[in-house]
Every structure is written in structure tokens, then in C-alpha cells.
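Chain by chain, the residues run as shown.
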Amino acid sequence: MRFEELIRAFVAETGIDAEIPAGLDECCFTIDGMEVFLQQPEGTTSLITSAEVGEFPTEGREASYRLLLESMFKDERSGGAIFSLEPGTDRVWVHRRDSLSALDQQGFREMLG
């Protein structure tokens, strides 16, 4: 499925308030209070999804880093996503790359979940 088709169908199905320009290759909308950024890099058939998931704690950082790293071990708990810290901040982000050709509308909904 094409990027624009996935986004338009998802917005129509969920009623999310999002303006979708023609020729769309990136967009942002809010799901359950969380901003989700979606992008199809030029010349690829990939979908990159990114979202800020919270602030990294000031106390217990070592245990938190360990938990994040363990969650990505062999994708066992991360579902193929990776976590990162926004440079110069304590904001934690989650990122995921999927093949657009492998996603249908149901798979897209599940991936966003």
C-alpha cells in the first residue's frame, strides 16, 4: 500500500483530525495525547514512525538504561522498535522502520498500537 493511501484510510477510519496534503510523504498527528511522526524517505519504500514517549528519569538512570537496552535485545519486547534520547534533552523517543509493501490497513493500525 502507498504511504498516502495508508494515512488517508487511517484518518478516515479513526476520525483523527489531520490535514493531509496531496503528494504526502510525511505527516504528524496525535494519538492518545502522543504526537506521532510518519515519513516515507524519498526514493524508498520504507515507512519511518517516530514518537516521543516520555522523559528519562533523573533518578535511577542506570536501571532505566538497562531496561531500555534489554527491551531491544533480539526485538523480544520492542517489536522491532528502537529507543533514543533526543540530544541535549531527557526526552525518550521510539522509532520504527517498516516496509510499506508489507503493510495493509490492519497491519498499519497494529503497528501504531
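If you're wondering where the values come from, they're calculated on a predicted model, not measured in any experiment.

### Section: the overall build of the protein chain
Phase 1 of the analysis: Helices and strands together make up the secondary structure of the protein chain, namely 3 helices and 5 strands.
Phase 2 of the analysis: Ordering the α and β elements of the protein chain from the N terminus gives α-β-β-β-α-β-β-α.
Phase 3 of the analysis: Reported as C-alpha extents along the three principal axes, the dimensions of the protein chain are approximately 45 × 30 × 25 Å.
Phase 4 of the analysis: Residue burial in the protein chain is summarised as follows: out of 113 residues, 32% are buried.
Phase 5 of the analysis: A separation of at least 24 residues holds for 46% of the contacts in the protein chain among residues at least 6 apart in sequence.
Phase 6 of the analysis: Here the protein chain contributes 10 positively and 22 negatively charged side chains, and the mean placements of these two sets differ by 6 Å.

### Structural notes on the pairing of strand β5 (residues 91-99)
Every other side chain in a regular strand lies on the same face of the sheet, so the side chains alternate between the two faces.
Phase 1 of the analysis: In the sheet, strand β3 (residues 46-55) pairs with β5 via 9 bridges, with the strands oriented antiparallel. For Glu52, the partnering residue across the bridge sits in β5 and is Trp93.
Phase 2 of the analysis: Counted along the chain from strand β4 (residues 82-85) to the antiparallel partner β5, the turn is 5 residues long, and its residue Gly88 has a positive phi close to 80°.

### Section: the environment of Pro57
Phase 1 of the analysis: Mapped onto the secondary structure, Pro57 falls in the loop between β3 and α2 (61-71).
Phase 2 of the analysis: On a C-alpha basis, the gap between Pro57 and Leu100 in space is 35 Å, while along the polypeptide they are 43 residues apart.

### Quick word on the packing of aromatic side chains
Phase 1 of the analysis: As enumerated under the stated definition, the model contains 4 aromatic pairs in all.
Phase 2 of the analysis: Aromatic pair Phe37 and Trp93: ring centres 5.8 Å apart, planes at 40°, arrangement tilted. Residue Phe37 is located in strand β2 (residues 34-39), and its partner Trp93 is located in strand β5; the two are separated by 56 residues in the primary sequence.
Phase 3 of the analysis: By relative accessible area, which is 16% here, Trp93 ends up buried.
Phase 4 of the analysis: Pairing Phe56 with Tyr65 gives two aromatic rings, centres 4.5 Å apart and planes at 35°, and the pair type is tilted.
Phase 5 of the analysis: When its relative accessible area of 5% is taken as the criterion, Phe56 is described as buried.
Phase 6 of the analysis: By relative accessible area, Tyr65 is classed as partly exposed at 36%.

Parameters and conventions
Residues numbered from 1 in each chain as written. Predicted model: local features only at pLDDT ≥ 70, side-chain atom pairs only at ≥ 80, totals over all residues. Heavy atoms only, no water. Helix = DSSP H or I, 4+ residues; strand = E, 2+ residues; numbered from the N terminus. Buried < 20%, exposed > 50% of the residue type's maximum accessible area, 1.4 Å probe, protein only. Contact = heavy atoms within 4.5 Å. Lys, Arg positive; Asp, Glu negative; His and termini not counted. Charge placed at Lys NZ, Arg CZ, Asp CG, Glu CD. Pairing = 2+ DSSP bridges. Phe/Tyr/Trp six-rings, centres within 6.5 Å; stacked < 30°, edge-to-face > 60°.

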